[in-house]
Amino acid sequence: MIDLRFSDGELERQRDHITEFIREQVDAAGADGVVLGLSGGIDSTLTGYLAVEALGSENVHGLVLPATVSSEGNMSDAELVARDLEISYDVIEIEPIVDSLLSVYPEAEGDREAVGNARARVRGVLNYLVANHESRLVLGTGNRSEAAVGYFTKYGDGAVDCHPIGNLYKGQVRQLARHVGVPEELAAKTATAELWADQTDEDELGISYETLDDILATHIDGPLSVAATARLLEVDEETVERVRGMYERSGHKRDVPPAPDPLE
Ligand SMILES: NC(=O)c1ccc[n+]([C@@H]2O[C@H](COP(=O)([O-])OP(=O)(O)OC[C@H]3O[C@@H](n4cnc5c(N)ncnc54)[C@H](O)[C@@H]3O)[C@@H](O)[C@H]2O)c1
Ligand SMILES: Nc1ncnc2c1ncn2[C@@H]1O[C@H](COP(=O)(O)O)[C@@H](O)[C@H]1O
Ligand SMILES: O=P(O)(O)OP(=O)(O)O
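For clarity, every value in this text was computed on a predicted model and none was experimentally measured. (Residues numbered from 1 in each chain as written. Chains lettered and ligands numbered in written order. Predicted model: local features only at pLDDT ≥ 70, side-chain atom pairs only at ≥ 80, totals over all residues. Heavy atoms only, no water.)

(A) Up close: the environment of Ile207. Turning to its location among the elements, Ile207 is positioned in the loop between helix H9 (201-205) and helix H10 (209-220). Considered as a pair, Ile207 and Arg242 are 35 residues apart in the sequence and their alpha carbons are 9.8 Å apart. Ignoring sequence-local partners within four residues, the contact set of Ile207 consists of Glu202, Leu212, Ile215, Thr239, Arg242 and Val243. (Helix = DSSP H or I, 4+ residues; strand = E, 2+ residues; numbered from the N terminus. Contact = heavy atoms within 4.5 Å.)

So, in structure tokens, the structure goes:
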């Protein structure tokens, strides 16, 4: 394993860099603040903390959007974060909206992935409903590890105006969260997309974030070959190849959708 942790000085620089980024994005758009979805997880919690540092609590609007598969613990943590940050927030149940989609397209009923992704997309629609109405930007909460392997719903939680913590690997998200004062229970929480019951990121991805971060830093974002990465990290070459495969197959999620070149 390699040590991707920041020094204290680097943590402060990251904090300043990200809060400055949020202010610049809002100023450049002439927006009146930001909206973000709060799930009780560490990514949205850290993003909320940094947004309040950047803009002040009056300029941050949280949305807590429970589905039937959301755990009560996560939803109460999400509300706790909003209250601790003293931001305005709404709690909106999304399942009736998902049900109305299935009532017009019942063929997808029981399709765990399609319905799970529809939940993420319904949340995206609600984020933009509020953002349009209040002249705000939608803050994304995705990190560098999720983006690299496409572990997000295209046009769901991926439908945002900017990604303030998109430069941080998952382990670094936890480290910065602790540094800015996020309570330890949240900083140490198991990551879950909660698109269906009992889902966890590491189970679904089939790899720990520790190993994923190391492979991304060494091989995908770094210069080492598959074999050298496997030797350095003491993992199988197949594991490195699998991460490379997830990275390559998910390129379409990170790119602007293509169109044919104009004909001369
Ligand atoms: N951060 C999180 O914790 C989080 C949040 C939401 C979703 N997720 C996870 O993300 C995953 C989302 O599922 P998904 O990736 O199957 O669904 P998706 O809808 O995000 O992406 C699949 C869709 O992308 C398009 N597509 C596929 N291949 C393409 C290609 N080569 N070129 C262009 N378009 C292409 C198709 O429309 C396809 O239906 C799930 O594993 C889910 O659990 C994680
Ligand atoms: N229940 C939720 N309420 C509000 N926002 C949510 C909820 N679940 C997810 N989100 C948003 O989507 C991203 C990604 O979610 P994962 O839990 O990582 O799938 C999350 O950070 C929230 O902004
Ligand atoms: O995106 P979040 O806030 O739900 O965090 P996690 O993915 O760690 O659950």
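(B) Structural detail: the sheet that holds strand S1 (residues 34-37). Here four strands make up an open sheet; going across it, the order is S3-S2-S1-S4 and the pairing parallel. Strands at the two margins of the open sheet, each flanked by one partner only, are strand S3 (88-91) and strand S4 (137-138). Sheet topology places S1 next to strand S2 (residues 60-64); four bridges connect them, and they run parallel. Following the sheet pairing, Leu36 is matched in S2 by Gly62. (Pairing = 2+ DSSP bridges.)

(C) Spatial organisation of the site of ligand 2. Close to ligand 2 lie 13 residues; Gly37, Leu65, Thr141, Thr192 and Ala193 are nearest. One nitrogen or oxygen atom from the side chain of Arg123 is found 3.4 Å from a nitrogen atom belonging to ligand 2. For ligand 2, whose free accessible area comes to 470 Å², the fraction covered by protein is 88%. Residues that form the shell around ligand 2 fall into these classes: six nonpolar, five polar and two charged. (Near = heavy atom within 4 Å. Polar contact = N/O pair within 3.5 Å; in protein donor to acceptor, adjacent residues only side chain to side chain. Areas by Shrake-Rupley, 256 points an atom, 1.4 Å probe, with all protein chains shown as cover. Nonpolar A, V, L, I, M, F, W, Y, C, P; charged D, E, K, R; others polar.)

(D) Structural detail: the nonpolar core. If you look at the biggest cluster of nonpolar residues, it comprises 37 residues, and the most contacted ones within it are Val34, Leu38, Leu46, Leu50, Leu168 and Leu176. Every element with two or more residues in this core is listed here: helix H1 (8-29), S1, helix H2 (42-55), S2, helix H3 (72-85), helix H7 (170-179) and helix H8 (184-187). Sort the elements by how many residues they give to this core and H2 lands first, with eight residues. Once residues within four sequence positions are removed from consideration, Leu38 is found in contact with Ser44, Gly62, Leu63, Val64, Ala78, Val81, Ala82 and Ile87. (Core = buried A, V, L, I, M, F, W, Y, C linked by side-chain atoms within 4.5 Å. Buried < 20%, exposed > 50% of the residue type's maximum accessible area, 1.4 Å probe, protein only.)

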